[in-house]
Amino acid sequence: MTTNLGDLEIFASVVATGSMSLAGRALGFSPAVISKRIKRLEDRLGTRLLQRTTRQISLTEAGQGFYDRVLAILAGLEEAEAYIAGRSAQMQGTLKISAPTSFGRLHIAPHLISFMQAHPELAINLVLSDEFVDIVGGGYDLAIRIAELTDSSLVARRLAPVRRVLCASPAYIATHGMPEDIEDLRRHTCLPAHNHDPWRLDGPKGGLTFRPEGKLITNSSEVIREAVIAGLGIALRSTWDVGPELRDGRLVQVLPAYEGSHNVTLSAVYPSRQFLPAKVRVFIDFLTELYGPLPYWER
């Protein structure tokens, strides 16, 4: 049984776009041709790959497994072509990246000029969001994440450690006093993260969890940053985010014996593929060298 490579590309495009019309537009085929080619593929395989409704297209269980393997095949083909064409030194195409909003603005965007000058034929599509995107479904080549990674379906490469500290403004401390222990935080105004996750901390007796309570509710991590600088409460912030304010005294560290869980790291994640596209590998190598084991924001 031989499967047409074009059918695999059509199938992958339909899944990535979630639409036969959009896939057809991208590949230069009519929706009818796309539908016919998908049906031909399903008939050849003897199984249904896609569930179709009037509003959406989704993968069946068999379709999901087939899609993961099709991505590996297409990625391997891209890598083989890049090897033959010598594209490892001259990147081409578009690199689509997802990154957290603040980190992307502060520590990726300013460095893109040097990367793009080194690879002038490579376009960058940088999408900033504080939510975890669906890398495969969204057609991303990689995502930069600051988290404890648990998704075993993705490959993760550690870029740098992440240090998070409890902090507040001197004005807030002057008015409300300095907390003496973790339980003392309950009488203070705290500024929870935008997703309201509890604070997972490492302290003298090991790990612990504290659920902060506060009156400010926002979906923006950057609003929390501005609020703690303005003196509205105590926050748990990364040093890559508030390092300058800690150094110049606009913020002071609170309960320095406690820091955010050291299991949280800065990582690049990408779909599990046997052959990593050269453009992804080169960009990850660039960030690894840029940040290093002791990132510049800690020096």
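Structural data are supplied above this passage.
Residues numbered from 1 in each chain as written. Predicted model: local features only at pLDDT ≥ 70, side-chain atom pairs only at ≥ 80, totals over all residues. Heavy atoms only, no water.

Engineer: Can you help me understand the sheet that holds strand 4 (residues 122-128) in this one?
Structural biologist: Sheet strands associate in pairs through backbone hydrogen bonding, adopting either a parallel or an antiparallel arrangement. Read across the sheet, five strands follow the order 4-3-5-13-6 without closing on themselves; strand pairing throughout is mixed. Two strands in the sheet have a free side with no partner beyond their single neighbour: strand 4 and strand 6 (154-161). Direction aside, neighbouring strands of the sheet carry axes that sit 25° apart on average. Two strands pair when backbone bridges link them, and strand 5 (residues 142-147) and strand 13 (residues 265-271) are joined in this way by five bridges, in the antiparallel orientation. Among the inter-strand pairings, Ile144 is bridged to a residue of strand 13, identified as Ala268. Docked against the sheet, helix 10 (residues 278-291) engages strand 3 (93-99), strand 4, strand 5, strand 6 and strand 13, running at close to 20° with respect to strand 6. (Pairing = 2+ DSSP bridges. Helix = DSSP H or I, 4+ residues; strand = E, 2+ residues; numbered from the N terminus. Axes fitted to C-alpha atoms, helices over the stretch in contact; angles between N-to-C directions. Contact = heavy atoms within 4.5 Å.)

Engineer: Even after reading the chapter, I still don't get the nonpolar core, so can you show me in this structure?
Structural biologist: Here is a general trend for soluble globular proteins: nonpolar side chains tend to be buried in one another's company. Within the largest apolar cluster, 26 residues are counted, with the highest numbers of intra-cluster contacts made by Leu142, Ile144, Leu266, Phe283 and Tyr291. Listed by contribution, the elements that provide at least two residues to this core are strand 3, helix 6 (112-118), strand 4, strand 5, strand 6, strand 13 and helix 10. It is helix 10 that contributes the most residues to this core, six residues altogether. Among the nonpolar cores identified, the runner-up in size contains 18 residues, and Leu41, Leu49, Phe66 and Val70 belong to it. (Core = buried A, V, L, I, M, F, W, Y, C linked by side-chain atoms within 4.5 Å. Buried < 20%, exposed > 50% of the residue type's maximum accessible area, 1.4 Å probe, protein only.)

Engineer: When you look at the packing of helix 1 (residues 5-17) against helix 3 (residues 31-45) in this model, what are you seeing that I'm missing?
Structural biologist: Between two packed helices, what matters for the description is the angle formed by their axes and the separation of those axes. Between helix 1 and helix 3, the shortest axis-to-axis distance is 10 Å and the interhelical angle comes to 115°. Looking at the two axes, helix 1 sits roughly perpendicular to helix 3. The element helix 1 and its partner helix 3 pack so that their crossing is left-handed. Only Ile34, Arg37, Ile38, Arg40, Leu41 and Arg44 of helix 3 make contact with helix 1, whose side of the interface consists of Gly6, Asp7, Leu8, Ile10, Phe11 and Val14. (Parallel < 35°, antiparallel > 145°, perpendicular 65-115°, else oblique. Left-handed = near helix turned anticlockwise from the far one by under 90°.)

Engineer: What is the right way to read helix 10 from this model?
Structural biologist: Along an α-helix, a turn takes 3.6 residues, which lines up residues three or four apart on a common side. The end-to-end C-alpha distance of helix 10 is 20 Å, a good match for the 20 Å that 14 residues give at a rise of 1.5 Å each. For helix 10, every residue scored as buried is listed here: Ala278, Lys279, Val280, Val282, Phe283, Ile284, Leu287 and Tyr291. At the C-terminal side of helix 10, Gly292 shows a positive phi close to 75°. (Expected span 1.5 Å × (residues − 1).)

Engineer: Looking at this structure, how should I read helix 9 (residues 239-248)?
Structural biologist: All of the buried residues in helix 9 are Thr239, Trp240, Asp241, Val242, Gly243 and Glu245. Where helix 9 is buried, its residues touch helix 5 (101-107), strand 5, strand 7 (164-168), helix 8 (221-230) and strand 10 (235-238). Phi turns positive one or two residues past the end of helix 9, at Gly249, with a value near 90°.

Engineer: I keep staring at the pairing of strand 5 and nothing clicks. Help me out?
Structural biologist: The side chains of a regular strand alternate, first on one face of the sheet and then on the other. By the criterion of burial, strand 5 is predominantly enclosed, with five of the six residues buried. Where strand 3 lies against strand 5, two bridges are found, and the strand directions are parallel. Counterpart to Ser98 in the pairing with strand 5 is Ala143.

Engineer: Would you take a moment to explain the packing of aromatic side chains for this structure?
Structural biologist: How two aromatic rings sit relative to each other is set out by the distance from centre to centre and by the angle between their planes. Summed over the entire model, instances satisfying the criterion amount to twelve aromatic pairs. Of note, Arg37 hangs over the ring of Phe29, and the distance from its end group to the ring centre comes to 5.8 Å. Directly above the ring of Tyr140 sits Lys96, whose terminal nitrogen or CZ lies 4.5 Å from the centroid. (Phe/Tyr/Trp six-rings, centres within 6.5 Å; stacked < 30°, edge-to-face > 60°. Lys NZ or Arg CZ within 6 Å of the ring centre and 35° of its normal.)

Engineer: Can you walk me through the state of the cysteines in this structure?
Structural biologist: Each disulfide is one covalent bond, formed between the sulfur atoms of two cysteines. Scanning the entire structure with this criterion turns up zero disulfides. Cys190 supplies the cysteine sulfur nearest to Cys167, a cysteine that is in no disulfide, at a spacing of 11 Å. (Disulfide = S-S within 2.5 Å.)

Engineer: Just to check I follow, could you spell out the pattern of salt bridges for this structure?
Structural biologist: The tally for this structure, following the rule as stated, stands at 18 salt bridges. Of the charged contacts, one joins Asp184 and Arg187 as a salt bridge, the two residues approaching to 2.6 Å between their closest N and O atoms. Asp184 gets classed as buried once you look at its relative accessible area, which sits at 15%. The partner of Asp241 in a salt bridge is Arg225, with the nearest N and O atoms 3.2 Å apart. With Asp241 in helix 9 and Arg225 in helix 8, the pair connects residues that are 16 residues apart, well separated along the chain. (Salt bridge = Lys/Arg side-chain N within 4 Å of Asp/Glu carboxyl O.)

Engineer: Sorry, what's going on with a nonpolar patch on the surface here?
Structural biologist: A surface patch of nonpolar side chains, about 230 Å² in accessible area, is lined by Leu5, Ile73 and Leu77. Take Leu77: it is sitting in helix 4 (residues 61-85). Classification of Leu77 by relative accessible area gives partly exposed; the value is 31%. (Patch = residues over 30% accessible without salt bridge, like charges linked within 9 Å, V, L, I, M, F, W, Y side chains within 5 Å. Areas by Shrake-Rupley, 256 points an atom, 1.4 Å probe, with all protein chains shown as cover.)

Engineer: Is there a simple way to explain the environment of Ala123 in this structure?
Structural biologist: Structurally, the position occupied by Ala123 is in strand 4. For Ala123, a relative accessible area of 33% corresponds to the partly exposed category. Between the C-alpha atoms of Ala123 and Lys36, which are 87 residues apart in sequence, the distance is 33 Å. When near neighbours in sequence (up to four residues on either side) are disregarded, Ala123 contacts Gly93, Thr94 and Leu95.

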